[in-house]
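Here is how the chains run, residue by residue.
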Amino acid sequence: MTYCLKCQEWISHPITWGTLFLPQEQTVLCNSCQSQLDRIEGDVCERCGRQMPKETICDDCRRWQTNQMYQDVLQYNRSLFSYTPFMQDIITQWKYQGDYQLKEIFNPYIKKEIQSLFPITSLTIVPIPLTNERLHDRAFNQAEAVAEIITDHYKNPVSHALSRKASHSEKQSKKSRQQRITTKNPFFLTETLETDVLLVDDIYTTGMTIHHAARLLKEAGCAHMYSFTLVR
């Protein structure tokens, strides 16, 4: 007996000759909840991965490209889901209410998509860090949880090359767009890397967090910077 991780409804897994001899990975969401996941598919912004009517560069990324401090620090970002009210509920429960098990919702999607999104075998995974205060509040770092899923499937090395300054502990969700894009770089390096890097976080909003991290690592010698977030 399995219960949906989101709504707690019972999920029935019918037994057939096919499933008896070739067991399949069981879903952790009921059909109703799965249907509410808004997958990012088709045409997207070639840089940040935002869903768009046709493949081009969105206005946000045009602004990044005209900023000399951040121009071309990031090759591209890709995400799996749009930030719908349903996804917001999942992220809130997972991120702010400490429901670690909800990461299993994303596991099969990451397993299926990550290698085609980033077909580079030498990527070192760097999760976006939390301050010690924020880590204590949440009980776990959601970016590290995502990084663990990736490396479990594809064995990429994980590096904690970034740390976050204690003074930068205010939640990004409480800041306006203007406050986010004008904030000082909240990160510092704990080690240097000379490989291609895949930054990992839960949500890409304005891109400020990812661009801060990418710039710092690239200036320290990383070859190419990519980023993966669950939600855009």
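Preceding block: the structure.
Calculation notes
Residues numbered from 1 in each chain as written. Predicted model: local features only at pLDDT ≥ 70, side-chain atom pairs only at ≥ 80, totals over all residues. Heavy atoms only, no water. Helix = DSSP H or I, 4+ residues; strand = E, 2+ residues; numbered from the N terminus. Buried < 20%, exposed > 50% of the residue type's maximum accessible area, 1.4 Å probe, protein only. Core = buried A, V, L, I, M, F, W, Y, C linked by side-chain atoms within 4.5 Å. Contact = heavy atoms within 4.5 Å. Expected span 1.5 Å × (residues − 1). Pairing = 2+ DSSP bridges. Axes fitted to C-alpha atoms, helices over the stretch in contact; angles between N-to-C directions. 1 Å grid on protein atoms, 1.4 Å probe; cavity = no way out; pocket = protein on both sides within 12 Å on 5 of 7 lines; lining within 4 Å. Points joined across faces, edges and corners; volume = space filled by probe spheres on them. Nonpolar A, V, L, I, M, F, W, Y, C, P; charged D, E, K, R; others polar. Phe/Tyr/Trp six-rings, centres within 6.5 Å; stacked < 30°, edge-to-face > 60°.

Asks: Before we move on, could you go through the overall build of the protein and cite the residues and values that matter?
Replies: Helix and strand counts for the protein stand at nine helices and eight strands. For the protein, buried positions account for 49% of its 232 residues.

Asks: I'd love a proper account of the nonpolar core, names of residues and values included.
Replies: In this structure, Trp 94, Phe 106, Ile 110, Ile 150, Leu 198, Phe 228 and Leu 230 are the most contacted members of the largest nonpolar core, which totals 37 residues. Contact partners of Leu 198, with chain neighbours within four places excluded, come to Ile 114, Phe 118, Leu 123, Thr 124, Ile 125, Val 126, Ile 150, Tyr 226, Ser 227 and Phe 228.

Asks: Explain helix H4 (residues 85-96) to me, and be specific about the residues and the numbers.
Replies: Look at H4: 16 Å from first C-alpha to last across 12 residues, which is about the 16 Å you get at 1.5 Å a residue. Within H4 the residues assigned to the buried category are Phe 86, Met 87, Ile 90, Ile 91, Gln 93, Trp 94 and Lys 95. Looking at the packing, one finds that the buried side of H4 touches helix H2 (31-35), strand S3 (76-81), helix H6 (132-138), helix H7 (142-154), strand S7 (197-203) and strand S8 (225-231). In the segment just after H4, Gly 98 is the residue with positive phi, at about 70°.

Asks: So what's going on with the sheet that holds S3? Which residues, and what values?
Replies: Strand order in this open sheet of four strands is S3-S8-S7-S4, and the pairing throughout is parallel. Sheet topology places S3 and strand S4 (124-127) at the edges, where each strand pairs with a single neighbour. Here the strands of the sheet are splayed against their neighbours by 25° on average, with no regard to which way each runs. Of the strand pairs in this sheet, S3 and S8 are connected by five bridges, and their pairing is parallel. Bridging across to S8, Asn 77 finds its partner in Ser 227. Running over the sheet, helix H5 (residues 107-117) touches S3, S7 and S8 and is turned about 155° from S3. Contacting S4, S7 and S8, H7 runs over the sheet at an angle of about 125° to S7.

Asks: Can you break down empty space enclosed by the protein residue by residue, with the values?
Replies: All told, the structure shown has two cavities of 30 Å³ or more when counted by the stated rule. When its volume is computed, the largest cavity comes out at roughly 50 Å³. Lining the largest cavity, in full, are Arg 47, Cys 48, Cys 61, Trp 64, Gln 65, Leu 74, Tyr 204 and His 211. Looking at the lining of the largest cavity, the element that brings in the most residues is helix H3 (residues 59-65), giving three residues. Here the lining of the largest cavity is built from residues that sort into five nonpolar, two polar and one charged.

Asks: Mind laying out the side chain of Gln 93, listing which residues take part and the relevant values?
Replies: Position of Gln 93 relative to the elements: it lies in helix H4. Owing to a relative accessible area of 19%, Gln 93 belongs among the buried residues under this scheme. With residues near it in sequence (within four places) discarded, Gln 93 still touches Leu 5, Lys 6, Gly 98, Asp 99 and Leu 102.

Asks: Give me the packing of aromatic side chains: which residues, what numbers.
Replies: Tallying each qualifying case throughout the model produces 10 aromatic pairs. Each ring, one from Phe 81 and one from Tyr 109, has its centre 5.2 Å from the other, and the planes form 80°; the classification is edge-to-face. With Phe 81 in strand S3 and Tyr 109 in helix H5, the pair connects residues that are 28 residues apart, well separated along the chain. As far as the burial class goes, Phe 81 and Tyr 109 line up, both buried. Seen in terms of ring centroids, Phe 118 and Tyr 226 are 6.4 Å apart; in terms of plane orientation they differ by 80°. Their pairing is edge-to-face. Of this pair, Phe 118 sits in the loop between H5 and S4 while Tyr 226 sits in strand S8, and the two are 108 residues apart along the sequence. When its relative accessible area of 10% is taken as the criterion, Tyr 226 is described as buried.

Asks: Run through the environment of Leu 5, naming residues and quoting values.
Replies: As for its placement among the helices and strands, Leu 5 is situated in the loop between strand S1 (2-3) and strand S2 (10-11). You can call Leu 5 buried: its relative accessible area is 18%. Once the C-alpha coordinates of Leu 5 and Cys 33 are considered, the two residues, 28 residues apart in sequence, prove to be 9.3 Å apart. Here Leu 5 is in contact with Val 28, Gln 93, Gln 101, Leu 102, Glu 104 and Ile 105, once residues within four sequence places are set aside.

Asks: Outline unusual backbone geometry, supporting the account with residue identities and numerical values.
Replies: Notably, Gln 8 is not glycine yet its phi reads approximately 70°, a positive angle. By the secondary structure assignment, Gln 8 is in the loop between S1 and S2. Positive phi outside glycine occurs at Ala 139, with the angle close to 80°.

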